[in-house]
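The residues making up each chain are set out below.
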Amino acid sequence: MVSVVVVLLAILASNGLFAWRMLHLLRIEGRTRLQTLRQNQEQEIIADIRGRVQTACLMLRYLADHSPSVEEAQHAAVEAISGIQFGEDNYIWIHRLDPADEESALMLVHPADEMRGHELRGLIDLDRVTNIYHNGEIVPKTDPRVSFIKPIDLFATFNRLALAEGSGLVTYYWPNVKQGKTSSEGYRKIAYIQYFPDWNWVVGAGAYADHIDRAVKQRTVELAKEQASFVWKMGGTLLLYT
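Rules used in this analysis
- Residues numbered from 1 in each chain as written.
- Predicted model: local features only at pLDDT ≥ 70, side-chain atom pairs only at ≥ 80, totals over all residues.
- Heavy atoms only, no water.
- Helix = DSSP H or I, 4+ residues; strand = E, 2+ residues; numbered from the N terminus.
- Buried < 20%, exposed > 50% of the residue type's maximum accessible area, 1.4 Å probe, protein only.
- Contact = heavy atoms within 4.5 Å.
- Areas by Shrake-Rupley, 256 points an atom, 1.4 Å probe, with all protein chains shown as cover.
- 1 Å grid on protein atoms, 1.4 Å probe; cavity = no way out; pocket = protein on both sides within 12 Å on 5 of 7 lines; lining within 4 Å.
- Points joined across faces, edges and corners; volume = space filled by probe spheres on them.
- Pairing = 2+ DSSP bridges.
- Core = buried A, V, L, I, M, F, W, Y, C linked by side-chain atoms within 4.5 Å.
- Salt bridge = Lys/Arg side-chain N within 4 Å of Asp/Glu carboxyl O.
- Expected span 1.5 Å × (residues − 1).
- Arc of directions from axis to C-beta.

Tallying secondary structure elements over the chain gives four helices and eight strands in all. When burial is assessed residue by residue, the chain has 39% of its 242 residues classed as buried. Put simply, of all contacts in the chain between residues at least 6 apart along the chain, 60% involve residues at least 24 apart. When the accessible surface of the chain is summed, it comes to about 13600 Å², and 57% of that surface belongs to carbon and sulfur atoms.

Listed below in structure tokens is the structure:
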């Protein structure tokens, strides 16, 4: 009798170890799938905003080459780009930099009234928000869960990248802009900028990436349900054949 119990316990232990290993592999696969989902969606954002900025710069090139004067070309460019918006809350902006002063940024095109026409030297992204959207919820920017998010001097960062590389990507946190007004929450945003050296203009477009967090959170819940279902089915199967 004792030997039978020992055998049964050994089988149960072996089955339990097998189930644990399978669950561990499923969790690794789940993390990989979530990472792939995030990367794919970010690449879609980057391709979109890069294409929009490059197209806007081609328009600047055309206007610069074919307008009677610089003033007329710049006026036409501002008028044309001011009306460009895409997605729900995304837009193209233009600011002018001073190559001798990389922190200087005069905003020429922007949907927010408080930004347009103003010098934006020293603008820190997190100074403009009190809360941060993170992993599907809005939390105070002082919350320990978002302590890894560091403030950046936004336009100095844009300008250094423009002068050093000509174009590139910057990730930061920014309020939503609706009807010329800004929200108090900062949302992760991916921006692509490109330098137009003829006029010392920096053309940029950003896209809010909070929908990626929502998609990843939803998929995380779905994977957890799938894993729980697997455990129950596996447990039942192992008990049946024990």
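Another aspect to go through is empty space enclosed by the protein. Summed over all chains, the structure comprises one cavity of 30 Å³ or more. In terms of lining, the largest cavity is formed by Tyr91, Trp93, Met107, His110, Met115, Leu154, Phe155, Phe158, Tyr172 and Trp174. Among the elements that make up the lining of the largest cavity, the one with the highest residue count is helix α3 (residues 154-165) (three residues).

With that settled, the discussion passes to the pairing of strand β5 (residues 137-140). Where strand β4 (residues 131-134) meets β5, four bridges bridge the pair, whose relative direction is antiparallel. Along β5, the bridge assignment pairs Asn131 with Pro140. Turn length for the β4-β5 hairpin, with the two strands adjacent in sequence and antiparallel, is two residues, and the turn residue Asn135 shows positive phi of about 50°.

The next point concerns the nonpolar core. Of all hydrophobic cores here, the largest spans 25 residues; its most connected members are Ile49, Leu60, Trp201 and Val203. Every element with two or more residues in this core is listed here: α1 (2-66), α2 (70-82), β2 (90-98), β3 (101-109), β7 (181-196) and β8 (201-208). If you tally residues by element for this core, the top one is α1, at eight residues. Apart from the residues lying within four places of it in its own chain, the contact partners of Leu60 are Ala77, Ile81, Phe196, Trp199, Trp201 and Val203. Leu97, Met115, Ile193 and Tyr208 belong to the second-largest nonpolar core, a separate cluster that totals 24 residues.

Looking now at the pattern of salt bridges. If charged atoms from side chains of opposite charge come close, those side chains can pair. All chains considered together, the criterion is met by 10 salt bridges. For Arg128, the salt bridge goes to Glu114, with nearest N and O atoms at 3.2 Å. Pair noted here: Arg128 is in the loop between β3 and β4 and Glu114 is in the loop between β3 and β4, with a separation of 14 residues, a long-range link. Owing to a relative accessible area of 41%, Glu114 belongs among the partly exposed residues under this scheme. Residues joined by salt bridges that share partners form a network here, namely Arg61, Asp65 and Asp198.

One full turn of an α-helix is made of 3.6 residues, so residues set three or four places apart face in the same direction. Taking 1.5 Å of rise per residue, the 13 residues of α2 would be expected to cover 18 Å, and the 18 Å separating its terminal C-alpha atoms lies within 8% of that figure. Three or more residues of α2 are buried, namely Ala73, Ala77 and Ile81. Within α2, the buried residues cover an arc of 50° as seen down the axis, which keeps them to one side. Away from its buried face, by an angle of more than 90 degrees, α2 presents the exposed residues Glu71, His75 and Glu79.

Treat this as a map of the structure, not an account of what it does.
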